[in-house]
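# Fold and geometry: a report
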Amino acid sequence: MANEILEEHIQNEYKWGFTTDIAADEAPRGLNEEIIKFISAKKNEPEWMLEFRLKAFRNWQNMVEPEWAHVSYTKPNFQDIIYYSAPKPKKELASLDEVDPELLKTFEKLGISLEEQKRLSGVQSNIAVDVVFDSVSVKTTFKETLAEKGIIFCSFSEAVQDHPELVKKYMGMAVPATDNFYAALNSAVFTDGSFCYIPKGVRSPMELSTYFRINASGTGQFERTLIIADEDSYVSYLEGCTAPQRDENQLHAAVVEIITHKNAEVKYSTVQNWYPGDKEGKGGIFNFVTKRGLCLEDNSKISWTQVETGSAVTWKYPSVILKGNNSVGEFYSVAVTNNYQQADTGTKMIHIGKNTRSTIISKGISAGFSNNSYRGLVQIKKGASNARNFSQCDSLLMGDKCGAHTFPYIEIKDKSGVVEHEATTSKIGEDQLFYCKQRGIDNEKAIGLIVNGYCKEVLNKLPMEFAVEAQKLLAISLEGSVG
Amino acid sequence: MISIKNLHASIGDKEILRGINLEVKAGEVHAIMGPNGSGKSTLSSVLAGREDYEVTEGEVTFNGKNLLELPAEDRAREGLFLAFQYPVEIPGVSNINFLRTALNEIRAYHGQEEMTAKDFLALVKDKSKLVELDSKLASRSVNEGFSGGEKKRNEIFQMAMLNPKLAILDETDSGLDIDALRIVATGVNKLKSKDNATIVITHYQRLLDYIVPDFVHILYKGRIVKSGGKELALELEAKGYDEIKKEFEIAD
Ligand SMILES: Nc1ncnc2c1ncn2[C@@H]1O[C@H](COP(=O)(O)OP(=O)(O)OP(=O)(O)O)[C@@H](O)[C@H]1O
Ligand SMILES: [Mg+2]
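### What about the overall build of chain B?
- Along chain B, the regular secondary structure elements total 10 helices and 12 strands.
- A compact globule built from 252 residues would reach a C-alpha radius of gyration of about 18 Å, and chain B, at 18 Å, matches this within 12%.
- In terms of principal-axis extent, the alpha carbons of chain B reach across some 55 × 40 × 35 Å.
- The proportion of buried residues among the 252 residues of chain B is 56%.
- Contacts in chain B between residues at least 24 apart in sequence constitute 70% of all its contacts with a sequence separation of at least 6.
- Measuring between centres, the 33 positive side-chain charges of chain B sit 4 Å from its 40 negative side-chain charges.

This is the structure in structure tokens:
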């Protein structure tokens, strides 16, 4: 009986699956040096930037797509992708009024009304948003307010033009252009993204946020984010993403780099909701992302929090290199897979400095026919004395057609290091559901309660507004997966 | 309040309830006793709407409604409460949040507005006093890491919060120490009114010293084989089930 109930799957509609009719300025399909030069020229880039791209591209050509992840999919044809798609008209936008109204409607549908953001300017708890549509950053809000504090928050392209010394110095520091197959690809063809610099001694007065959306068909999205926190600074950064429903698979290969100087702290939160494909597993985004933070100097801290509900295939390991002494790395993750989704996600904590600490809390939830893997590496290098790591990896299964896997790798080269690892696997219980129902709570609400309870340690790490959104998303992603 | 007629229920091929008849009126307290495995918990689960059991025959009317047609959550919203023999743990969900959700779901069902946070907290304070529940337990995750006795006490706290019409207490006394037993029983008595009713499932006469039943029924092999006043419980305590077993041995 219980199994019958579990087998029943009703469609959970992806409500962000609309496309927007906007004229786009696109590059021809395919990838070669000419395309890269085209992108670079389109963006009016300096010579060194083009060199960075070409170097990455030449390396990429000799690299092979990684196969070690616990996922299976048809590899993208990299010659069949449009590597540059910008919403037209691509001119400098002085105010929101100049943004294509269709685009604004899109954002309203996404629940981020820029108008509203603007109106709320006076309110304390507001968020500065950078919006990346297909490959191009279309609008960064609150730029002026932030500039007063010396904070630079703009599109990556603008940063290349206006702050070349910063981009040149830090780009590739955490994720070298040749780091891995997808990172190299991104380094060659990335079109835009967000850039953020917090100067010495400044705490960002608001959360900074980027919303990514893939729109045009046949395009890939390759954006880059670079966040630099100078000494004694702090910023909380949010990232959200959605994509339209399409039958084909679209590729998203992003790079995010964070660099923290002495005593600086960066909190990076993601709610990833790329289109996961339909109930039969058709379509959906391939999300192959390289995210890495570098605690460059002493006493700095980088914390990744992610709620992953979307994408057909996810390959993503937000990591921290703990180079500075006493630096701290954290990874809090909820990854939900339903239907035929596949996720191979986790983190790497590389302890180099002394007294470095890292915490990993991973909560996987698998439903339907999905596969959910945690893959984590904790490495304590020689000389990283008194390094500490605590890892906890929990898996929750809904139904008996899905899979949960844990692949923890531990390498300790310094004897004083201490690594603790805990792992549990549980099933969402009929008993728990019945208990909730007996108290008057219906099935959907009960699942929401139980799942949110299970993820609580991670959700608690998200900023308020985001936590509410994430809770709703969890409930929607799992709709109909039990009972 | 509730009227059970010829109720048969089975799990797989196994028939567990074999024709239960029971009538409980508002204001009454009924005790159900019976040896292990006789079907007491099954009866409460079936009444509460657990889907593992299949009702093969019979009718149950609850306040004029066909109970068996309602999904479990609606039975609860109609005022049926089950204090579980084995309360379930829900990690990460605070007792408070759980009860607030439950209470508001029940209110919504009756077309009432959500309770304000202030009123809700006042209610929590009031009702936790009733069962002398440690205020720390109210904010902890539902039953997680609770001792056996704390879990039982928490069930009665939830009952007090949700104010049901019919409460079924499945061995709420087991696992309680002597003081806790008295506190819980006093709580149940305070909640008693002429408009609600209680079914107490127990193995021990002791509880019935505190919660005095109007009727005592003996369940044996899925049937109520004997009913009487509170003296029946005393009789059982003295003689055990032997006589009854002999008298009602049913060929399987
Ligand atoms: N899910 C189930 N699967 C198989 N058998 C079951 C199931 N639930 C109950 N039974 C059987 O039904 C019978 C009655 O069980 P029930 O739990 O109702 O007894 P009880 O009267 O509450 O006993 P106790 O006094 O020990 O609590 C037992 O033989 C039990 O093994
Ligand atoms: Mg029982």
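After that view, the rundown keeps rolling.
### A short note on the pairing of strand β21 (residues 388-397) of chain A
All names here are of chain A.
- Among the 10 residues in β21, eight count as buried, and that is most of the element.
- Direction of pairing for strand β19 (residues 357-366) relative to β21: parallel, over a ladder of 10 bridges. Its bridge partner being in β21, S366 is matched across the sheet by L397.
- In terms of strand pairing, β21 meets strand β23 (residues 418-427) through 10 bridges, oriented parallel. Within the sheet, the bridge partner assigned to S391 lies in β23 and is H421.

### Description of the confidence of the model for chain A
Residues and elements named next belong to chain A.
- Per-residue confidence for chain A gives a mean pLDDT of 81, with 79% of residues at or over 70.
- Counted against residues more than four places away or in other chains, residues 1-13, with its pLDDT under 50, gives 24 contacts.
- This model gives residues 89-94 a pLDDT under 50, and the stretch forms eight contacts once residues within four places in sequence are excluded.

### Quick word on the coordination of the magnesium ion (ligand 2)
Residues and elements named next belong to chain B.
- Note on the magnesium ion (ligand 2): its protein donors are S41 (OG) and Q85 (OE1). The metal-donor distances range over 2.0 to 2.2 Å. Of the two residues, S41 sits in helix α1 (residues 40-48) while Q85 sits in the loop between β6 (80-83) and β7 (90-94), which places them 44 residues apart along the sequence.
- For S41, a relative accessible area of 26% translates into the label partly exposed.

### Observations regarding a positive patch on the surface
All names here are of chain A.
- A cluster of basic residues, K381, K382, K413 and K415, forms a positive patch at the surface.
- Position of K413 among the secondary structure elements: in the loop between β22 (403-412) and β23.
- On the accessibility criterion, K413 (53% relative accessible area) is exposed.

### Some points on the sheet that holds strand β5 (residues 65-66) of chain B
Residues and elements named next belong to chain B.
- Pairing is antiparallel across the open sheet formed by four strands, whose spatial order is β2-β1-β4-β5. Across the chains shown, the open sheet's two edge strands, defined by having one partner strand only, are β2 (14-24) and β5.
- Inspection of the sheet shows strand β1 (residues 2-11) paired to strand β4 (residues 54-62) by seven bridges, in the antiparallel sense. Looking at β4, one finds that S3 is bridged to T61.
- In this fold α1 packs onto β1, β2 and β4, with an angle of close to 105° to the strand it touches most, β1.

### Let's talk about the nonpolar core
- A:I365, A:V451, B:I2, B:L7, B:L47, B:F98 and B:L166 are the most contacted members of the largest nonpolar core, which has 102 residues in total.
- Here A:V451 is in contact with A:I365, A:L396, A:I428, A:L474 and A:L478, once residues within four sequence places are set aside.

### With respect to helix α6 (residues 148-162) of chain B
All names here are of chain B.
- Here α6 spans 22 Å end to end across 15 residues, near enough to the 21 Å set by a 1.5 Å rise per residue.
- With 13 of its 15 residues buried, α6 lies for the most part within the structure.
- Following α6 by one or two positions, N163 has its phi on the positive side, about 50°.

### A look at the sheet that holds strand β12 (residues 223-228) of chain B
Residue and element names in this part refer to chain B.
- Pairing is mixed in the open sheet, where six strands are placed in the order β6-β9-β10-β3-β11-β12. Two strands lie at the open edges of the sheet, namely β6 and β12, each paired on one side alone. Ignoring strand direction, the axes of neighbouring strands in this sheet form an average angle of 20°.
- Across the face of the sheet, α6 comes into contact with β6 and β9 (166-170) while running at roughly 165° to β6.
- Taken strand by strand, helix α9 (residues 231-239) contacts β3 (29-33), β11 (215-220) and β12, and its axis lies near 110° from that of β12.

### Some words on the interface of chain A and chain B
- Of the residues lining the interface, 20 residues belong to chain A; the matching set on chain B comes to 31 residues.
- Summing both partners gives a buried area of about 2200 Å² for chain A against chain B, and 62% of it is carried by carbon and sulfur.
- Among the residues chain A hides against chain B, the three largest losses belong to A:F434, A:Y435 and A:R439. Together they make up 34% of the total.
- One can count three salt bridges joining chain A with chain B.
- Here A:K445 makes a salt bridge to B:E105, at a shortest N to O gap of 3.0 Å.

### Remarks on the packing of helix α2 (residues 33-42) of chain A against helix α3 (residues 47-61) of chain A
Residue and element names in this part refer to chain A.
- Where α2 contacts α3, the axes come no closer than 10 Å and their chain directions differ by 155°. In terms of orientation, α2 and α3 fall into the roughly antiparallel class. Handedness of the α2/α3 crossing: right-handed. For the pair α2 and α3, the contacting residues are E33, I36, K37, I39 and S40 in the first and L50, R53, L54, F57 and R58 in the second.
- Here the contact of α2 with α3 is built from residues that sort into five nonpolar, one polar and four charged.

### Some thoughts on the site of ligand 1
All names here are of chain B.
- Taken together, 15 residues form the shell around ligand 1, and within it G37, K40, S41, T42 and H203 come nearest.
- Within the contact set of ligand 1, an oxygen atom lies 3.0 Å away from a backbone nitrogen or oxygen of G39.
- At 2.8 Å from an oxygen atom of ligand 1 is found a main-chain nitrogen or oxygen belonging to S41.
- Out of a free accessible area of 640 Å², ligand 1 has 65% covered by protein chains.
- Listing elements by their share of the shell around ligand 1, those giving two or more residues are β2 and α1.
- The biggest single contributor to the shell around ligand 1 is α1, with three residues.
- For the shell around ligand 1, the per-class residue count stands at four nonpolar, eight polar and three charged.

### Considerations on the packing of aromatic side chains
Residue and element names in this part refer to chain A.
- Tallied over the entire structure, the rule returns 22 aromatic pairs over all chains.
- Centroid distance W68 to Y317: 5.7 Å. Interplanar angle 45°. Geometry classified as tilted. You can see W68 sitting in the loop between α3 and β2 (85-87) and its partner Y317 sitting in the loop between β15 (313-316) and β16 (319-322), a full 249 residues away along the chain.
- Judged by relative accessible area, W68 falls into the partly exposed class, the value being 47%.
- The class for Y317 is buried, based on a relative accessible area of 10%.
- Here the aromatic cluster, defined as three or more aromatic residues joined through ring pairs, consists of F57, W60, W68, Y73, F78, F181, Y182, F286, F288, W315 and Y317.
- In this structure, R203 packs its charged tip against the face of Y234, placed 4.2 Å from the ring centre.
- The aromatic ring of Y435 is capped on one face by R439, whose charged end is 4.8 Å from the ring centroid.

### Digging into the environment of A:D192
Residues and elements named next belong to chain A.
- Structurally, D192 is set in strand β6 (residues 192-198).
- Judged by its relative accessible area of 2%, D192 falls in the buried class.
- Sequence separation between D192 and F222 is 30 residues, and the spatial gap between their C-alpha atoms is 7.5 Å.
- For D192, the side chain forms a polar contact with the main-chain nitrogen of F156, separated by 3.0 Å.
- A distance of 2.9 Å separates the side chain of D192 from the side chain of S157, its partner in a polar contact.

Criteria and thresholds
- Residues numbered from 1 in each chain as written.
- Chains lettered and ligands numbered in written order.
- Predicted model: local features only at pLDDT ≥ 70, side-chain atom pairs only at ≥ 80, totals over all residues.
- Heavy atoms only, no water.
- Helix = DSSP H or I, 4+ residues; strand = E, 2+ residues; numbered from the N terminus.
- Rg over C-alpha atoms; globule rule 2.2 N^0.38 Å.
- Buried < 20%, exposed > 50% of the residue type's maximum accessible area, 1.4 Å probe, protein only.
- Contact = heavy atoms within 4.5 Å.
- Lys, Arg positive; Asp, Glu negative; His and termini not counted.
- Charge placed at Lys NZ, Arg CZ, Asp CG, Glu CD.
- Pairing = 2+ DSSP bridges.
- pLDDT = per-residue confidence, 0-100.
- Donors = N, O, S within 2.8 Å, 3.2 Å for Na, K, Ca; no water.
- Patch = residues over 30% accessible without salt bridge, like charges linked within 9 Å, V, L, I, M, F, W, Y side chains within 5 Å.
- Areas by Shrake-Rupley, 256 points an atom, 1.4 Å probe, with all protein chains shown as cover.
- Salt bridge = Lys/Arg side-chain N within 4 Å of Asp/Glu carboxyl O.
- Axes fitted to C-alpha atoms, helices over the stretch in contact; angles between N-to-C directions.
- Core = buried A, V, L, I, M, F, W, Y, C linked by side-chain atoms within 4.5 Å.
- Expected span 1.5 Å × (residues − 1).
- Buried area = accessible area lost by both parts, 1.4 Å probe.
- Parallel < 35°, antiparallel > 145°, perpendicular 65-115°, else oblique.
- Left-handed = near helix turned anticlockwise from the far one by under 90°.
- Nonpolar A, V, L, I, M, F, W, Y, C, P; charged D, E, K, R; others polar.
- Near = heavy atom within 4 Å.
- Polar contact = N/O pair within 3.5 Å; in protein donor to acceptor, adjacent residues only side chain to side chain.
- Phe/Tyr/Trp six-rings, centres within 6.5 Å; stacked < 30°, edge-to-face > 60°.
- Lys NZ or Arg CZ within 6 Å of the ring centre and 35° of its normal.

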